[in-house]
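So you can see what is in the structure, the chains are spelled out below.
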Number of protein chains: 2
Amino acid sequence: METVVLTIEDIRAIVQHVGLDAMMDEMIRHLRISLRQFDDQTTVIPIRKGFEYTHPEIGLLEWMPAMQRGDNAVIKIVGYHPTNPRMRHLPTVLSSVSAYDTISGHLIGVADGTFLTALRTGAASAVISESLAKPDAKIIGMIGCGAQAISQLHALSRVFDFERVLIYDSDPAVSGSFAERASFANLPVSGVALEELVTTSDIICTATSVEIGKGPVFEDVGLKPWVHINAVGSDFPGKVEVPISVLRRSFVSPDFLGQAEKEGECQMLSPEEIGPGWVEVIKNPDRYKHVQQQMSVFDSTGWALEDLIALEMFLEYARELKLGQRLHIESVSKDPHDPYHFVHADLSKKAPEPLSFSQKEKQVV
Amino acid sequence: METVVLTIEDIRAIVQHVGLDAMMDEMIRHLRISLRQFDDQTTVIPIRKGFEYTHPEIGLLEWMPAMQRGDNAVIKIVGYHPTNPRMRHLPTVLSSVSAYDTISGHLIGVADGTFLTALRTGAASAVISESLAKPDAKIIGMIGCGAQAISQLHALSRVFDFERVLIYDSDPAVSGSFAERASFANLPVSGVALEELVTTSDIICTATSVEIGKGPVFEDVGLKPWVHINAVGSDFPGKVEVPISVLRRSFVSPDFLGQAEKEGECQMLSPEEIGPGWVEVIKNPDRYKHVQQQMSVFDSTGWALEDLIALEMFLEYARELKLGQRLHIESVSKDPHDPYHFVHADLSKKAPEPLSFSQKEKQVV
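Conventions and cut-offs
- Residues numbered from 1 in each chain as written.
- Chains lettered and ligands numbered in written order.
- Predicted model: local features only at pLDDT ≥ 70, side-chain atom pairs only at ≥ 80, totals over all residues.
- Helix = DSSP H or I, 4+ residues; strand = E, 2+ residues; numbered from the N terminus.
- Rg over C-alpha atoms; globule rule 2.2 N^0.38 Å.
- Buried ≥ 20, exposed ≤ 12 C-beta atoms within 10 Å, placed from the backbone.
- Contact = placed C-beta atoms within 7 Å.
- Least-squares fit on C-alpha atoms with pLDDT ≥ 70 in both.
- Pairing = 2+ DSSP bridges.
- Axes fitted to C-alpha atoms, helices over the stretch in contact; angles between N-to-C directions.
- Domains from an automatic or database assignment.
- Nonpolar A, V, L, I, M, F, W, Y, C, P; charged D, E, K, R; others polar.
- pLDDT = per-residue confidence, 0-100.
- Core = buried A, V, L, I, M, F, W, Y, C linked by C-beta atoms within 7 Å.
- Parallel < 35°, antiparallel > 145°, perpendicular 65-115°, else oblique.
- Left-handed = near helix turned anticlockwise from the far one by under 90°.
- Right-handed = clockwise from strand over helix to strand, strands pointing away.
- Expected span 1.5 Å × (residues − 1).

Q: Outline the overall build of chain A, listing residues and values.
A: The number of helices and strands found in chain A is 14 helices and 15 strands. Against the 2.2 N^0.38 benchmark of 21 Å for 365 residues, chain A shows a C-alpha radius of gyration of 21 Å, consistent with a compact globule. With the principal axes as the frame, chain A shows a C-alpha extent of 70 × 45 × 40 Å. A total of 365 residues make up chain A; the buried ones form 58% of that total. When contacts within chain A are restricted to residue pairs at least 6 apart in sequence, long-range pairs at least 24 apart make up 74% of them.

Q: Break down the interface of chain B and chain A for me, citing the residues and quoting the values.
A: The interface is formed by 72 residues belonging to chain B together with 72 residues belonging to chain A. Ranked by residues supplied to the side of chain B that touches chain A, first place goes to helix α1 (residues 8–18) of chain B with 6 residues.

Q: A description of the relation of the copies chain B and chain A should follow, citing residues and the corresponding values.
A: Overlay of chain B on chain A (RMSD 0.0 Å): rotation 180 degrees, translation along the axis 0.0 Å. Here the symmetry operator amounts to a two-fold rotation axis. If distances are taken from each C-alpha of chain B to the rotation axis, the shortest is found for B:Trp63, at 4.3 Å. Interface overlap between copies is the fraction of interface residues in one copy that are interface residues in the other; for chain B against chain A it reaches 100%, indicating a shared surface.

Q: Any details on the sheet that holds strand β11 (residues 203–206) of chain B? Residues and values, ideally.
A: Residues and elements named next belong to chain B. Taken together, the 7 strands give an open sheet; going across it, the order is β10-β9-β8-β11-β12-β14-β13, and neighbouring strands pair in parallel fashion. Every other strand in the sheet has two partners, leaving β10 (189–191) and β13 (251–254) as the edge strands with one partner each. Strand-to-strand twist in this sheet, taken as the mean axis angle between neighbours without regard to direction, amounts to 20 degrees. In terms of strand pairing, strand β9 (residues 164–168) meets β10 through 3 bridges, oriented parallel. Counterpart to Val165 in the pairing with β10 is Val189. Sheet contacts for helix α5 (residues 147–159): β8 (139–143), β9, β11 and β12 (228–231); angle to β8, the most-contacted strand, approximately 165 degrees.

Q: Break down the domain arrangement of chain A for me, citing the residues and quoting the values.
A: Residue and element names in this part refer to chain A. Split by domain assignment, chain A resolves into domain 1 (3–115 + 305–364) and domain 2 (133–301). The gap between the C-alpha centroids of domain 1 and domain 2 is 28 Å. Taken residue by residue, the interface counts 17 residues in domain 1 and 16 residues in domain 2. It is helix α2 (residues 20–36) that contributes the most residues to the side of domain 1 that touches domain 2, 8 residues altogether. For the side of domain 1 that touches domain 2, a count of residues per class yields 11 nonpolar, 1 polar and 5 charged.

Q: Account for the pairing of strand β3 (residues 49–53) of chain B, naming residues and giving values.
A: All names here are of chain B. As judged from the 5 bridges shared by β3 and strand β4 (residues 59–68), these two strands associate in the antiparallel manner. Counted as the bridge partner of Gly50 is Glu62 from β4. Taken together, β3 and the strand that follows it, β4, pair antiparallel across an intervening segment of 5 residues.

Q: So what's going on with the confidence of the model for chain A? Residues and values would help.
A: Residues and elements named next belong to chain A. With 94% of its residues at a pLDDT of at least 70, chain A reaches an overall mean of 92. Throughout residues 348–365 the model reports pLDDT below 50, and contacts reaching past four residues in sequence, or to other chains, amount to 28 contacts. Listed scores for the predicted complex are pTM 0.89 and ipTM 0.88.

Q: An account of the environment of A:Ile11 is requested, with residue identities and associated values reported.
A: Examined against the element boundaries, A:Ile11 turns out to sit in helix α1 (residues 8–18). Judged by the 28 C-beta atoms lying within 10 Å of it, A:Ile11 is buried. Linking A:Ile11 and A:Thr206, residues 195 residues apart in sequence, is a C-alpha distance of 27 Å. Not counting chain neighbours up to four residues away, the residues in contact with A:Ile11 comprise A:Leu6, A:Ala111, A:Asp112, A:Phe115, A:Phe314 and B:Ser331.

Q: Give me the lowdown on the nonpolar core, citing residues and values where you can.
A: One finds A:Ala123, A:Leu311, A:Phe314, B:Ala123, B:Leu311 and B:Phe314 to be the most contacted residues of the largest nonpolar core, which totals 234 residues. Once residues lying within four places of it in the same chain are set aside, the contact partners of A:Phe314 are A:Leu6, A:Ile11, A:Ile14, A:Ala111 and A:Leu116.

Q: Could you give an account of the sheet that holds strand β14 (residues 296–299) of chain A, with specific residues and numbers?
A: All names here are of chain A. Taken in spatial order, the 7 strands make up an open sheet running β10-β9-β8-β11-β12-β14-β13, and their pairing is parallel. Whereas interior strands pair on both sides, the edge strands pair on one side only; in this sheet they are β10 (189–191) and β13 (251–254). Taken pair by pair, the neighbouring strands of this sheet meet at an average axis angle of 20 degrees, ignoring direction.

Q: Pulling in residues and values, what's your account of the packing of α2(A) against helix α4 (residues 114–132) of chain A?
A: Residues and elements named next belong to chain A. Between α2 and α4, whose axes approach to 9 Å, the crossing angle comes to 60 degrees. By the criterion of interaxial angle, the relationship of α2 to α4 is oblique. Between α2 and α4 lies a crossing whose hand is right-handed. Facing Met24, Met27, Ile28, Leu31, Arg32 and Leu35 of α2, the residues of α4 in contact are Leu119, Arg120, Gly122, Ala123, Ala124, Ala126 and Val127. Of the residues in the contact of α2 with α4, the class split is 10 nonpolar, 1 polar and 2 charged.

Q: Can you tell me about the pairing of strand β9 (residues 164–168) of chain A, naming the residues and giving the values?
A: Residue and element names in this part refer to chain A. Burial analysis of β9 places 4 of its 5 residues in the buried class, which makes it a mostly covered element. Here strand β8 (residues 139–143) runs beside β9; their pairing, made up of 5 bridges, is parallel. Looking at the pairing, Ile140 lines up with Val165 of β9. The handedness of the β8 to β9 crossover, carried by helix α5 (residues 147–159), is right-handed.

Q: Before we move on, could you go through unusual backbone geometry and cite the residues and values that matter?
A: Residues and elements named next belong to chain A. For the bond running from His55 to Pro56, omega is -5 degrees, close enough to zero to count as cis. Residue placement: Pro56 occurs in the loop between β3 (49–53) and β4 (59–68). Its identity is not glycine, yet His89 carries a phi of approximately 55 degrees, on the positive side. Mapping His89 onto the fold places it in the loop between α3 (84–88) and β6 (93–101). C-beta crowding within 10 Å serves as the criterion here: with 13 such atoms nearby, His89 is assigned to the partly exposed category.

Q: Could you give me a rundown of helix α12 (residues 304–321) of chain A, with the residues and numbers involved?
A: Residue and element names in this part refer to chain A. The first and last C-alpha atoms of α12 sit 26 Å apart over 18 residues, in line with the 26 Å expected at 1.5 Å per residue. A large share of α12 lies buried, amounting to 15 of its 18 residues. At the C-terminal side of α12, Lys322 shows a positive phi close to 55 degrees.

Q: Summarise the packing of α2(A) against α5(A); cite the residues concerned and give the values.
A: Residues and elements named next belong to chain A. The N-to-C vectors of α2 and α5 enclose an angle of 75 degrees; their axes lie 10 Å apart at closest approach. It follows that α2 is roughly perpendicular to α5 by the angle criterion. For the pair α2 and α5, contact is made by Asp21, Met24, Asp25 and Ile28 and by His154, Ala155, Arg158 and Val159, respectively.

Following this line, the structure appears as structure tokens:
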């Protein structure tokens, strides 16, 4: 029985074939449809859990499961290690993601979760910003210019007609390289003082690695009365990005309340200060259209549904393009009652095709 | 950055090189040492969680994480789908297991968890039976003759000098094929009535797929006063194998109390009826030597430490034998701040060697 392993070479071939813009558009479209159709009876998403540690360095390794009943389950394992770029020249977020058939338990596929996380986190901000930000937003401000900021700008620029990008990062080397990294967006990028960014932007994205207890990452001075903030920074208990005074007079929509209360901006709020979740907002855009004229915050902690949709998309593209390595990982032999049978069996014989996401794909599109 | 993927062909090559008996002996030895040295400050093992479902068929998909602080984490994903053998010609337990470096979050390796589960579940029963069963046990009885029974018999036959194996399965086809599947043990195997098995055996292993609410799987009649029972059956809330009257007059040692109370035999007991966990027993064999003359039950629900040790062993063997596919799964490119960099980067360049378990291996051995 085969497992499709998508290497990063496969993902690259997919992106090169489909195009980054088209891929982000597809991710946004799938996510929007899935949120509108979301039903917690058929899609089960437990609160993520993980290992947290502070020695030898601060870090977090979390598992994020999601299941479509009677269909597939996806589990993303995601590491958040903020010393990675400086100390190991690696991304802060490293991740992989796997899909399982819930009929048999079979491991259907394994793929990178790092690019996937960037892509789907960007798409999430785009989908909710469509509902909560001013449709004619022209200036976007990025606080924190690392990896996540790239896909935030990418996704938002696919659904808004921006004229300018203002950027700020506490590390000048990181803000200094942003324009080149974000050149695909074809937008003028200006490094500015934090105050100017905050007072000028129609939409703000915070995507920082601010340390625990060192937040917020900007001050509550001169914000536009209609500003929409996507608070994205990889989340951690005790880590916050947005000033509490801003949260208190904003419409705050979390992606997943149980997580946001523990690791997101909602940590700072009492339950009555937290607005409806994004599923409610996306399902009922007219009900929340007035919020476009008010301050709003999307508390993005990352929801496993986003990962499930993204992996579906990758596996479907891989199937169409005949990409991916088909490996026999699980020990499955002719006699299901003999765990040692494979030791002597001829494994080179053709195994059945793995189940694909094609059936569900048809339902969603 | 490379991930070592062990296919089942790799695992087969390892087993053929090392030998099944030597491999089981190593697994037992590593597990025994790890339990003796176990310290819950350095090894963190949360209670496993999972998706449970009854439609379209009954099943369970669980994630079992374990972390050695400052070192590696291992997460096993294990499916329990009892209709697999009959309906899909697949094992009831299908599983895969992954290792992560907790310094960077890097995915070190991925391997089969199905054979691994059989191996380590057998080894677990062997290690605790050494402490709790009569050292001169001669007759072992297997209730349930499926895949797990094979490795139970294998492991126990490595540490006891059995003369006979009595077997019983509710499905005559499964008991009928047991002798051939277990031929490696070189022991006479007799299919017997359940009553004879129960009254004659010195050690009993229950490894059944009894349905929820249909247990126990034998009656409390005529058991030897010193019988030791390894209650192994893949666990599920509501599923039990051992009569409550047997549990109540036995020394009951769970592998992981939090799980055993939820899905193991301990479901039926109040806290004061449950004995010390197996770590306590293995660490203090003299303190529990008297139990060898009494009835005892090992409530084996499966503990992620066993998986961590087994995967360590597989990866170490693979390293020594230069087996396994080294794949670039995670998107890691030259610029950790650019999630899209890999799309254009030359990925064929040599990536750094993955971290291995070799350092820890030295400490354990």
